[in-house]
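Residues per chain, in single letters:
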Amino acid sequence: MQEYTEAILKIPLPRGQKVDEMLWHYDKHGEYSVRSGYQIALKLKAPDVPSNSGSNSKRWKAVWSMELPEKIKNFMWRAARNLLPTAENLWKRKCLKDPICQGCNREVETVRHALLDCKAARKIWYHATSSVQISNAQNQDILDFIYEVWSTWGKTEAEQTIAFCWAVWFARNKRIFEGKKSDPRALAAKVESLLEAYHRARKPDASHIHNVKRIVQKKWEPPPGNFLKVNVDAAINNRDQVAGLRAVIKDPSGKIVAAGTKQVPLRVGVSFAEAEAMEWGLQVAKELSLSALIMETDCKEVVDLLNNTKGSRTGISWVISDIQEQRRDFKEVKFRHIPRTCNTCAHSLAKFAVGANTSAV
Ligand SMILES: [Zn+2]
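These remarks concern the structure in this document. Bear in mind the structure is a predicted one, so any value in this text is a computation, not a measurement.

Criteria and thresholds
Every chain is numbered independently, its residues counted from 1 as its sequence is written. Confidence filtering applies because this is a predicted model: local features only for residues at pLDDT of at least 70, side-chain atom pairs given and counted only at 80 or more, and all residues used for totals across whole chains, interfaces and linings. By convention in this description, side-chain values take in all heavy atoms of the structure and omit both hydrogens and water. Note: two strands are recorded as paired if DSSP finds a minimum of 2 bridges between them. Counting from the N terminus, the helices are the DSSP runs of H or I reaching at least four residues and the strands are the DSSP runs of E reaching at least two. Interaxial angles span 0 to 180 degrees and are taken between N-to-C directions of axes, which are lines fitted to C-alpha atoms, for helices over the stretch in contact. It only takes one pair of heavy atoms within 4.5 Å for two residues to be counted as in contact. Two joining distances apply to patches: 9 Å for like charges and 5 Å for nonpolar side chains (Val, Leu, Ile, Met, Phe, Trp, Tyr), and every residue must have over 30% relative accessible area and no salt bridge. Surface accessibility follows the Shrake-Rupley procedure with a 1.4 Å probe radius. Residue values consider only the protein chains on display as shielding. A pair is scored as a salt bridge if a Lys or Arg side-chain nitrogen falls within 4 Å of a carboxyl oxygen belonging to Asp or Glu. We score Asp and Glu as negative and Lys and Arg as positive, and we do not count His or the chain ends. The location of each charge is read from NZ of Lys, CZ of Arg, CG of Asp or CD of Glu. Think of it in three bands: with a 1.4 Å probe and only protein chains considered, a residue is buried below 20% of the maximum accessible area for its type, exposed above 50%, and partly exposed in between. Because no water is among the atoms considered, metal sites can look incomplete, with donors defined as N, O and S atoms within 2.8 Å of the metal, or 3.2 Å for Na, K and Ca. In short, tetrahedral needs four donors with all angles between 85 and 135 degrees, square planar needs four and octahedral six donors with opposite donors over 155 degrees apart and all other angles between 65 and 115, and whatever is left is irregular.

**Things to note about the sheet that holds strand S4 (residues 292–297)**
- Within the open sheet, the five strands sit side by side as S3-S2-S1-S4-S5. Their pairing is mixed. Where the open sheet ends on each side, the last strands, each with one partner, are strand S3 (256–265) and strand S5 (332–337). Ignoring which end each strand starts from, the neighbouring axes of this sheet average 20° apart.
- Direction of pairing for S4 relative to S5: parallel, over a ladder of six bridges. When the bridges of S5 are listed, Met 295 appears paired with Phe 335.
- Sitting on the sheet, helix H12 (residues 270–287) touches strand S1 (228–237), strand S2 (242–250), S3, S4 and S5, and the angle it makes with S1 is about 140°.

**Side note on a positive patch on the surface**
- Judged by side-chain charge, Arg 106, Lys 119, Lys 123 and Lys 181 come together as a positively charged surface patch.
- Structurally, Arg 106 is set in the loop between helix H5 (87–92) and helix H6 (111–117).
- By relative accessible area, Arg 106 is classed as exposed at 67%.

**Focus on the coordination of the zinc ion**
- Within the first shell, the zinc ion binds the protein through Cys 101 (SG), Cys 104 (SG), His 113 (NE2) and Cys 118 (SG), at distances of 2.1 to 2.3 Å.
- Around the zinc ion sit four donor atoms; with metal-centred angles ranging over 103 to 121°, the donor geometry is tetrahedral.
- Mapped onto the sequence, the residues coordinating the zinc ion show the spacing C-x2-C-x8-H-x4-C. Residues Cys 101 and Cys 104 agree in their burial class; the two are buried.

Rendered as structure tokens:
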């Protein structure tokens, strides 16, 4: 603020007497414009002090060390340099009438807003398989954000995050220019397969240790000693209006202890069926008198509801409370969300269950 007060004190006064007049000091004609007002507001909110100037090269180094397809790296560079044609940037270049985001019609569309904060972007992030949490630090730019992910979660997670930003931008363009909505799950799968294909092509054999490690991380992980792991999934058949539920129970050595499939009528939607799959998994485990379980699904909504991080008043809450009820019959039950790639075994059998009319354990 001081800087602005000083600037005002520097305004020269007229020598003769003149009638007082309101002038907007920040414009050379003394006229207020939304553009100059917005720029002042921006400066007051986030002064141009290069907050991370000291470690900026460190941040860029981190970005360039990422192993990503060239087009995604390029995208990252443009995003970090604030060169993406967001509404704000187009408006600054006088190509748009206002800087407001078309995704939410509420806020100025900065790069950060388009990729992380906009509700349209959040919808997609919600389905991201990554464990990265987007903080609400609005002052943090995209480069800061990536660096934070890199230093907190590691390089692989940062690579996935950048690739996901790219997918969010892709979906945003599709929405704006083609009027098409992208399916968040399909987008997440696209990002994953893109990265996997890239790493496979890049490291065919020699240094494939890193590659193997990536794949192992993405595969099923054994539960700790006294736990058994239950992977559940639901496959939907819209034509016949049925859902196939599937549960696979494995011991710490990865051996299948039990597997169960069941077909149910398709009711409310995918998440509802995923919750039913979770309930089915518990029933199978109960029949086997198991005591400590880790239940895994690729449906984040169900896990959030079960872990009480999210509430619901829709039909799904009945299934959730049934599951909570049944949970008491066990010594310990943990609910976890995992990427679809880790849940493939349960998923393919859930598909199989869609074809079968009965339930089987
Ligand atoms: Zn928005």
